[in-house]
Amino acid sequence: MYHYLEKAARAQGRKIGSEALIENVSRRSFIGGVLKTSGVVLALQVIPGGVADAFEAYPTGAAGMPRGVVNDPHVFVAIDTHGLVTIVGHRSEMGTGVRTSLPMVVADEMEADWSRVRVIQAPGDEPRYGNQDTDGSRSVRHFIQPMRECGAAMRYMLEAAAAATWGVDQALCKAKNHHVVLLKEGKTKGETVETGTRIGFGELAKAAMSLPVPPREKLAFKKPEDFLYIGKGKTPIVDLHDITVGAAVYGADVRLPGMKYAVIARPPVVGGKVKKFDAAEALKVPGVEAVHEIEGFPPPAKFAPLGGIAVVAKSTYAAMQGREALTIEWNDGRHAGYTSTSYREEMVATARKPGKVIRNQGDPDAAFAGAAEVFSAEYSQDHMAQAAMEPPAALARIVDGKIEVWAPAQSPYGTREDIAKALEVPIENVTVHVTLLGGGFGRKSKCDFVLEAVQLSKKLGGAPVMLQWTREDDLQHAFYHTTSVERIEAALDKSGKVVGWRHRTVAPSILSTFAEDSGYQFNIEYGMGFVDMPFEIPNIRCENGQAFAHTRIGWFRSVSNIPRAFAVQSFVAELAHKLGRDPKDMLIELIGSDRKIDPKAAGMPEDFWNYGEPYPEFPIDTARLKNVVNVAAEKAGWGKTLPPGQGLGIAVHRSFVTYVAMVVHAEIDDKGIIRVPQVTAAIDCGLYINPERIRSQIEGAAVMGMSTALYSRITFKEGRVEQSNFSDFEVARMSNFPQKVNVHIIEPTAPAHYPTGVGEPGVPPFAPALCNAVFAATGKRLRSLPAGDRIDA
């Protein structure tokens, strides 16, 4: 996603900030190893294809990504002489299952037996594999087409090799279950039947390898009814066993001979610097070997390290003990006055004044001036940290000028580029191996922790060093989800009909991490539930108030969609209550008629951001939006009578071109604690690969949504983060989390329902649905996140 951000900053003329235990594969070792086993390598340069029965090509936003799939998505497939198929997974695995799903598409199209397939993780090498930024919920929507083409081409080559072997027409050769079978003409004209003769993929590997890659027009694609794995939900993720038994390799698990361990004491205030330090006591700690100062960069500095004092030791524990013994005096810098309570008051005041107009439809001024009544409400959210279960960690070494790192990186090639720039070396001299990620949520798209490890290795003469972040480091030096205030006003006529809508958003922008801070958000943030609000209201205005950043702002799972969905969907429920309407019916009425919204006619800005996707193929479709609302409501038993202290709440949101509705069942126990016995979700993500992973992602989104709704907050006092660990940065725990999550996946009903995103869209609707349910149960409104899990009597 940061490629979009850098592009946006440059478009505005704003200065950009400072510019081996896991199985991996490098270009040379992969090709060499495959050739030695007489296997086949398919380096297929593909063009976008489609997902309908005829698989007609359709455009996606991949074309706008650096080294995207249109020009250079090289996907490698190898078959050894024993028939083992090796497929390269080039996206980072952090629990979404993408390391399984995309290779599964290749295997399906080429008729490979999944039990005879292994997946190898690609290093950071976008010129070879295509874009590798595993964020924005776009892996499937950008790569299902080239993966299908890759598999179909491999199948074609195997069938061609079989035809040459048997001396028959290729039309009589058909790949089936890891073999190519020989066909003959049947009794009926045009019919073919199997002869019983077949040959295995392994026997064909060498011959198939010698054939040219067929052009797309020669490829035959499977129809959905012929899929073996796609859409079936019966294929477990390839890493399941290793994760279950503790054998999976994450960032901190990599080991090299002679490696050192390090932690860093970073400035407590962003932009701060070391005034002076004393390492004498730290060097007395057993196991501590060295202390080094790390250079920092004031914001905007993209992902450059914050700087500080590094302690290098024989173990992580010794390094941590040494850090505790350091004496450091800091110069806090210009953000030392940042305090959350006063900053929120400033945002509220700004939200109550006119702001920069971003969307204008109709005549909102006249609508509000002539309204019978104006109804308004304000909603707010604190900063949040991603707090992935695995804190950042990276191993780096430098040998003969060659830099090699192992890291849980969401953007491995972006990491490689930043390392090359930081150390001023050719990018060819940098290798980034990608481990499994113990959660990412956007944090591990930022490679500051990897750059720290590389800097330390350089100071240590190239020695391998594992740079480990602790939970305290992770919470106090993150790239935080923005804090925000959203104010919404509705103009009502005499009949109670909404004739005007005004939404003001105030929040420090992610762009401040990349460029000089203007205090305003930009089109990517505007496109996340703000200017794309889908209600059929004649007069709409969206305004942005100014708010300058005083910490590092970064993306968090679903980004600005969280506060926008919370505000809009909470406001709809409040409006329904005021008018004596059912919240679901009110929501459906506001969405209005079935239509594909015309952004220009709706007054949206010319640079309206549609998650990077072409709008004609991925429009805002109100019929699909209403459908998930109706499905979720029906499956949840909307309207049923519940006991006192219980209630249902509903919310819907479109994000990452996916539609998700949720009905949350809230229950207040006898101690006033908010419980969630059940969540019912409906998701329309178009054609899908692995329904088991979709359900898993929505279940996880409900748990994370409960954390954002009730527990998780980051606050500042005098520039310093007040939270330090899960004791005060709370998350949903086993003692209180959604007990049951029912996920209903909408089957695609039209060829144009192309694959969309799944990893993030489940988060935004949860908080408003929960807060609406709490109101239904108690009559108390929750307008600030996190709201806390206790309702006072």
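Model, not experiment: these values are computed from the prediction.

Once that is clear, we can look at the packing of aromatic side chains. Applying the stated criterion to the full structure yields 18 aromatic pairs. Ring geometry for Phe303 against Trp555: centres 6.3 Å apart, planes inclined by 80 degrees, an arrangement best described as edge-to-face. Within this pair, whereas Phe303 is found in the loop between β9 (288-294) and β10 (308-313), its partner Trp555 is found in the loop between β20 (540-545) and α16 (561-579), the two being separated by 252 residues in sequence. Residue classification places Trp555 among the buried residues on the basis of a relative accessible area of 3%. When the centroid spacing of 6.1 Å and the interplanar angle of 70 degrees are considered together, the rings of Phe608 and Tyr615 count as edge-to-face.

At a closest axis distance of 10 Å, the pairing of helix α17 (residues 583-591) and helix α18 (residues 622-636) adopts a crossing angle of 170 degrees. As judged from the angle between their axes, α17 and α18 are roughly antiparallel. Together, Lys584, Leu587, Ile588 and Ile591 of α17 and Thr622, Leu625, Lys626, Val629, Asn630 and Ala633 of α18 make up the contact between the two elements. Taken together, the residues of the contact of α17 with α18 sort by class into six nonpolar, two polar and two charged.

Spatial strand order, β21-β22-β23-β26: four strands in an open sheet with mixed pairing. Edge positions in the open sheet fall to β21 (646-655) and β26 (741-745), since each of these has one partner strand only. Across the sheet, the mean angle separating the axes of adjacent strands is 15 degrees when strand polarity is ignored. Relative to strand β23 (residues 674-684), strand β22 (residues 658-668) is paired through nine bridges, and the arrangement is antiparallel. Bridging across to β23, Met662 finds its partner in Ala681. Lying over the sheet, helix α19 (residues 691-711) contacts β22, β23 and β26, oriented at roughly 130 degrees with respect to β26.

What follows covers the domain arrangement of the protein chain. Here the domain parsing of the protein chain yields domain 1 (3-245), domain 2 (251-334 + 392-468) and domain 3 (340-384 + 479-785). The centre of domain 2, based on its C-alpha atoms, is set 37 Å off from the matching centre of domain 3. On the side of domain 3, 17 residues touch domain 2, which itself brings 16 residues to the contact. At the junction of domain 2 and domain 3, the tally comes to two salt bridges. Ionic pairing is found between Asp332 and Arg720, a salt bridge with its closest N-O pair at 3.0 Å. At the junction of domain 2 with domain 3, the criterion picks out six residue pairs in polar contact (both at pLDDT 80 or more). In the side of domain 2 that touches domain 3, the residues fall into nine nonpolar, two polar and five charged.

On to the pairing of strand β19 (residues 498-506), then. In terms of residue burial, β19 counts as a mostly covered element, since nine of its nine residues are buried. Judged from the eight bridges that link them, strand β18 (residues 484-492) and β19 form a sheet pairing that is antiparallel. Of the residues in β19, the one forming a bridge with Leu492 is Val498. Here β18 hands over to β19 after five residues, with Gly496 in that stretch at a positive phi of 90 degrees.

On to unusual backbone geometry, then. Residues Pro299 and Pro300 are joined by a peptide bond in cis, for which omega reads 0 degrees. Mapped onto the elements of the fold, Pro300 is located in the loop between β9 and β10. That bond from Leu785 to Pro786 is cis: its omega, -5 degrees, falls within 30 degrees of zero. Looking at where Pro786 falls in the secondary structure, it is placed in the segment after β27 (784-785). One non-glycine residue, Ser137, lies in positive phi territory at about 50 degrees. Within the secondary structure, Ser137 is located in the loop between α4 (126-129) and α5 (139-166). Under the relative-accessibility criterion, Ser137 is labelled buried at 12%. Positive phi, normally seen in glycine, also occurs at Glu718, with a value near 55 degrees. Inspection of the secondary structure assignment puts Glu718 in the loop between β24 (716-717) and β25 (720-721).

Here the focus is the environment of Glu56. Mapped onto the fold, Glu56 is located in the loop between α2 (27-36) and β1 (77-79). On a C-alpha basis, the gap between Glu56 and Arg116 in space is 30 Å, while along the polypeptide they are 60 residues apart.

Counted under the stated rule, the structure contains 43 salt bridges. A salt bridge links Arg266 to Glu452; its shortest N-O distance comes to 2.9 Å. Taken together, the positions of Arg266 in the loop between β7 (260-265) and β8 (273-278) and Glu452 in helix α13 (residues 448-459) put the pair 186 residues apart, joining distant regions of the chain. An identical accessibility class is assigned to Arg266 and Glu452; each is buried.

Its place among the elements puts Lys223 in the loop between α6 (201-209) and α7 (240-245). For Lys223, a relative accessible area of 43% corresponds to the partly exposed category. Note: C-alpha distance between Lys223 and Glu109 (114 residues apart in sequence) is 9.8 Å.

Conventions and cut-offs
Residues numbered from 1 in each chain as written. Predicted model: local features only at pLDDT ≥ 70, side-chain atom pairs only at ≥ 80, totals over all residues. Heavy atoms only, no water. Phe/Tyr/Trp six-rings, centres within 6.5 Å; stacked < 30°, edge-to-face > 60°. Helix = DSSP H or I, 4+ residues; strand = E, 2+ residues; numbered from the N terminus. Buried < 20%, exposed > 50% of the residue type's maximum accessible area, 1.4 Å probe, protein only. Axes fitted to C-alpha atoms, helices over the stretch in contact; angles between N-to-C directions. Parallel < 35°, antiparallel > 145°, perpendicular 65-115°, else oblique. Contact = heavy atoms within 4.5 Å. Nonpolar A, V, L, I, M, F, W, Y, C, P; charged D, E, K, R; others polar. Pairing = 2+ DSSP bridges. Domains from an automatic or database assignment. Salt bridge = Lys/Arg side-chain N within 4 Å of Asp/Glu carboxyl O. Polar contact = N/O pair within 3.5 Å; in protein donor to acceptor, adjacent residues only side chain to side chain.

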